[in-house]
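So you can see what is in the structure, the chains are spelled out below.
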Amino acid sequence: MRILTCPAHLQHLEDALRSSLPDALPVYGAVLNINRGNPGDFEVAVDTWPNFGAVLARRRGEAPLNDSYRNRCSAFYRDVGAYRALLESPGCLRWDSAFHIFGLQDGVLTVSQDIALAKGVELEVTEYYTYLHPDPSTLPEPQLDPDVQLGTLSPAHVELLNSTWPYGGNVWSRRYLGELLRRFPHLCLQDPAGNLLGWMLTNGFAAGTHGYIVPTQRRRGLMRALTIMAARQAHGRGFPVYGHTATDNRAMQRLLEELGHRRLPGLCYFVLYNPALARAAPGAPPGSNA
């Protein structure tokens, strides 16, 4: 295993990953952020260099063993054997911690299953669809009612974000969402009194996340407008316009397809190691999936 730190190597990796899109999207997005100031304090690990066969993108440094938000890795491989070898490299992963590995290739799941079986580690797998817009310059102008305006999220909003996020509700998710606000682009809509109507965040892998419209404001086209504005924002920064949706979220899937996003073949696998430990996150409600 090797951690890439040289700017020239990281730029070479960015170029190589670009040629492997869309499979490399979650790692590519993280590397784009690394090469543009590294606001998320990420790093990338490869099996070998320069002819790498597999790469992981993740946060640098140590995190609490039950913090599966900070302990999150995206994965891409050219060779599934190299990917397995990378995961099993000494010091690559802490098998006694709660962590996610996610990616768009089937081996992300099957290698995790094989290693978990051999090590006696429990897994929890969630499947998502991934949508990518091929040409955001074709998106229509966002339409907002006169009483809706673009606003700004602040640290004071973190509790609301945490309570409305299906994957939140605990201390680690609150810290994670606060870090997203401080480190990455986000958008929100508000009324003339400053009350929040909806928002959309971006994570360290450059994917849209936690898009939400307050229940009393739904069916006004606000999510459509947020989706268009977030896509234009990402495109203007030179980032891909993509995100993941739950497989049963037909409303969001229809909206994305109407706006020209394309659903990628296959699934995005989010593999959570040691889910019982993740559910022990401070403040997590009983039975929640942290």
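Residues numbered from 1 in each chain as written. Predicted model: local features only at pLDDT ≥ 70, side-chain atom pairs only at ≥ 80, totals over all residues. Heavy atoms only, no water.

Draft legend 1. Broad picture of the pattern of salt bridges. The tally for this structure, following the rule as stated, stands at 16 salt bridges. Between glutamate 62 and arginine 94 there is a salt bridge, and its shortest N-O distance comes to 3.9 Å. Of this pair, glutamate 62 sits in the loop between strand S3 (54-59) and strand S4 (72-77) while arginine 94 sits in the loop between helix H3 (80-87) and strand S5 (99-103); the two residues are 32 residues apart in sequence, bridging distant segments of the chain. Residue arginine 94 is classed as partly exposed on the basis of its relative accessible area of 41%. With a closest N to O distance of 2.6 Å, aspartate 67 and arginine 175 form a salt bridge. With aspartate 67 in the loop between S3 and S4 and arginine 175 in helix H6 (residues 171-183), the pair connects residues that are 108 residues apart, well separated along the chain. Among the residues examined, arginine 175 registers a relative accessible area of 34% and is labelled partly exposed. (Salt bridge = Lys/Arg side-chain N within 4 Å of Asp/Glu carboxyl O. Helix = DSSP H or I, 4+ residues; strand = E, 2+ residues; numbered from the N terminus. Buried < 20%, exposed > 50% of the residue type's maximum accessible area, 1.4 Å probe, protein only.)

Draft legend 2. Local environment of the nonpolar core. Core analysis: the largest hydrophobic core is formed by 79 residues, its most contacted members being Leu17, Tyr83 and Ile101. When near neighbours in sequence (up to four residues on either side) are disregarded, leucine 17 contacts Ala24, Val27, Tyr28, Val31, Phe52, Val55 and Phe76. Ranked by size, the runner-up nonpolar core spans 18 residues in total, among them Val158, Leu177, Leu181 and Phe184. (Core = buried A, V, L, I, M, F, W, Y, C linked by side-chain atoms within 4.5 Å. Contact = heavy atoms within 4.5 Å.)

Draft legend 3. Just the UniProt feature "domain: N-acetyltransferase" (unreviewed entry) in the protein, in detail. Within this structure's numbering, the places UniProt gives as "domain: N-acetyltransferase" (unreviewed entry) are residues 139-282. Taken end to end, residues 139-282 is 33% helix and 24% strand, and its two terminal C-alpha atoms sit 42 Å from one another. (UniProt positions renumbered as here; feature names shortened; annotations may be inferred.)

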